[in-house]
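Close look at the chain arrangement
These are the residues of each chain, in order.
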Amino acid sequence: MIGYKKSFSEWQCLSEAKMGRVSPISTMLRRKIVEQYQKGVTQRKIAKTLQLSSSTVHNIIRRFRESGTISVHKGQGCKPILDARDLRALKRHCTTNRNATVKEITEWAQGYFQKPLSVNTIHRAIGRCQLKLYSAKKKPFLSKIHKLRRFHWARDHVKWSVAKWKTVLWSDESQFKVLFGNVGRYVIRTKEEKDNTSCYQRSVQKPASLMVWGCMSVCGICSLHVWKGTINAEKYIQVLEQHMLPSRRHLFQGRPCIFQQDNARPHSASITTSWLRRRRTWVLKWPVCSPDLSPIENIWRIMKRKVRQRRPKTIEQLEACIRHEWESIPIVKLEKLDSSVPRRLLSVVRRRGDATQW
């Protein structure tokens, strides 16, 4: 048998034929099979020459003899109950009502399309629309007045330079809780193990907690203050006297700085305002419901994630974990968060005062 060199197109056809059982044979290769068959070449020889299975060659030749064509028949099966036009309408409804459940979307689809649709069908259709159900980010509620005030405040301070934001001393409080049981939201199990005691998510009502106050700047962090229970204006003034003033002297070395605090009641009380005025402390006016503008909120989030991984069981262990994570915050992280404030303000301006991604 005399061999011959295969052209690039023939090698491409052969490579496409070897892709798998579900991959259809290319049109060029099917035409070559029919041509060899019409010349009188046996099916076994055609299969050996083109490196195909005998059944594949037999099916192509049989289809040519029955129908006179080499095209592949359209796959048989049940047509989807929702066509492309229905999917576009479903996607518009889902993007308009993003907080709707799948059951509510199914009830709407049954009345809109006038078709018998199940929850599973709609769930698959949502996936065909390139949509997916996610856990929504938690953000504070913002009224129209809140958004307007945030917008005006961000527009007035967006012109501040990075050097001026470095003179801000950011402060805030946060609550840390003792963790018990399984913390994970999800559990790995089979369908039949839903009532297995090891698959439950355990929770404790009113777990022991600690309130933490801290402040930070690009120069570093202050000494952390931890106490139990709630805080009022008198206790807050004591915290400022014992921690804020020494930290300001230590971090800024006598240079002027701006003190930042939110609008909590102990912060905005008249005695607190008078004390700050007597201490000649320049306080940054802060918009309401704006935790996404303060970089120290990101520090609390990082610390809570790391404390959760350490899983303290007692108040003493919780306080030790909090202090360890607070003291291990790198300066590079503080500089990165402080430099992100201008971008946060631009995001508030673009969103007309609405919540940002931070």
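Everything numeric here is computed off the predicted structure, so don't read it as measured data. (Residues numbered from 1 in each chain as written. Predicted model: local features only at pLDDT ≥ 70, side-chain atom pairs only at ≥ 80, totals over all residues. Heavy atoms only, no water.)

Across its full length, the protein chain holds 16 helices and six strands. Long-range pairs, those at least 24 residues apart, make up 70% of the contacts in the protein chain with a sequence separation of at least 6. (Helix = DSSP H or I, 4+ residues; strand = E, 2+ residues; numbered from the N terminus. Contact = heavy atoms within 4.5 Å.)

What follows deals with the nonpolar core. Counting residues in hydrophobic clusters, the biggest one holds 33 residues, and the most contacted among them are Trp-165, Trp-170, Phe-176, Ile-299, Trp-300, Met-303 and Ile-322. Every element with two or more residues in this core is listed here: α8 (144-157), β1 (168-177), β2 (209-217), α13 (296-310), α14 (315-327), α15 (331-339) and α16 (341-350). Sequence-distant contacts of Trp-165, defined by excluding residues within four places in its chain, comprise Trp-153, His-157, Trp-160, Trp-170, Leu-284, Asp-338, Val-341, Pro-342 and Leu-345. Membership of the second largest hydrophobic core comes to 18 residues, among which are Met-211, Val-239, Phe-252 and Phe-259. (Core = buried A, V, L, I, M, F, W, Y, C linked by side-chain atoms within 4.5 Å. Buried < 20%, exposed > 50% of the residue type's maximum accessible area, 1.4 Å probe, protein only.)

Our next topic: the pairing of β1. Within β1, eight of the 10 residues are buried, which leaves it mostly tucked inside the rest of the structure. Alignment of β1 against strand β5 (residues 258-260), held across three bridges, turns out to be parallel. Residue pairing for β5: Val-168 is matched across the bridge by Ile-258. (Pairing = 2+ DSSP bridges.)

Bringing the confidence of the model for the protein chain into the picture now. Per-residue pLDDT for the protein chain averages 85, and the proportion of residues at 70 or more is 90%. Here helix α1 (residues 8-17) stands out as the element of the protein chain with the lowest mean pLDDT, 45, in contrast to β5, whose mean of 94 is the highest. Ignoring residues within four places in sequence, the model shows residues 1-6, a span with pLDDT below 50, making six contacts including any to other chains. When the criterion is pLDDT under 50, residues 8-22 qualifies, and its contacts beyond four places in sequence or with other chains add up to 15 contacts. (pLDDT = per-residue confidence, 0-100.)

Where helix α5 (residues 84-96) meets helix α7 (residues 119-128), the closest approach of the two axes is 10 Å, and the angle between their N-to-C directions is 90°. Of the possible angle classes, the one that applies to α5 and α7 is roughly perpendicular. Listed contacts from α7 to Leu-87, Leu-90 and Cys-94 of α5 are Ala-125, Ile-126 and Arg-128. Along the lines of polarity and charge, the residues of the contact of α5 with α7 split into five nonpolar, no polar and one charged. (Axes fitted to C-alpha atoms, helices over the stretch in contact; angles between N-to-C directions. Parallel < 35°, antiparallel > 145°, perpendicular 65-115°, else oblique. Nonpolar A, V, L, I, M, F, W, Y, C, P; charged D, E, K, R; others polar.)

The next thing to look at is the pattern of salt bridges. All told, the structure shown has seven salt bridges when counted by the stated rule. Note that Glu-66 and Arg-62 form a salt bridge whose closest N and O atoms lie 3.7 Å from each other. Pair noted here: Glu-66 and Arg-62 are both in helix α4 (residues 54-67), with a separation of four residues, about one helical turn. Residue classification places Glu-66 among the exposed residues on the basis of a relative accessible area of 61%. By relative accessible area, which is 34% here, Arg-62 ends up partly exposed. Arg-310 serves as the salt-bridge partner of Glu-325, at 3.7 Å between the closest nitrogen and oxygen. Placement of the pair is Glu-325 in helix α14 and Arg-310 in helix α13, with a sequence separation of 15 residues. Using a relative accessible area of 9% as the deciding quantity, one classes Glu-325 as buried. (Salt bridge = Lys/Arg side-chain N within 4 Å of Asp/Glu carboxyl O.)

Applying the stated criterion across every chain yields a total of nine aromatic pairs. Their ring planes at 15° and their centres at 6.0 Å tell us that Trp-165 and Trp-170 sit as a pair that is stacked. Trp-170 shares its class with Trp-165; the two are buried. Taken together through their ring pairs, the aromatic side chains of Trp-153, Trp-160, Trp-165, Trp-170 and Trp-286 make up a single cluster. In this structure, Lys-164 packs its charged tip against the face of Trp-160, placed 4.2 Å from the ring centre. For Arg-352, the ring lying beneath its charged end belongs to Phe-151, and the centroid distance is 4.1 Å. (Phe/Tyr/Trp six-rings, centres within 6.5 Å; stacked < 30°, edge-to-face > 60°. Lys NZ or Arg CZ within 6 Å of the ring centre and 35° of its normal.)

Looking now at the environment of Lys-159. Structurally, Lys-159 is set in the loop between α8 and α9 (162-165). When its relative accessible area of 76% is taken as the criterion, Lys-159 is described as exposed. Lys-159 sits 187 residues away from Leu-346 along the chain, and the two C-alpha atoms are 9.9 Å apart.

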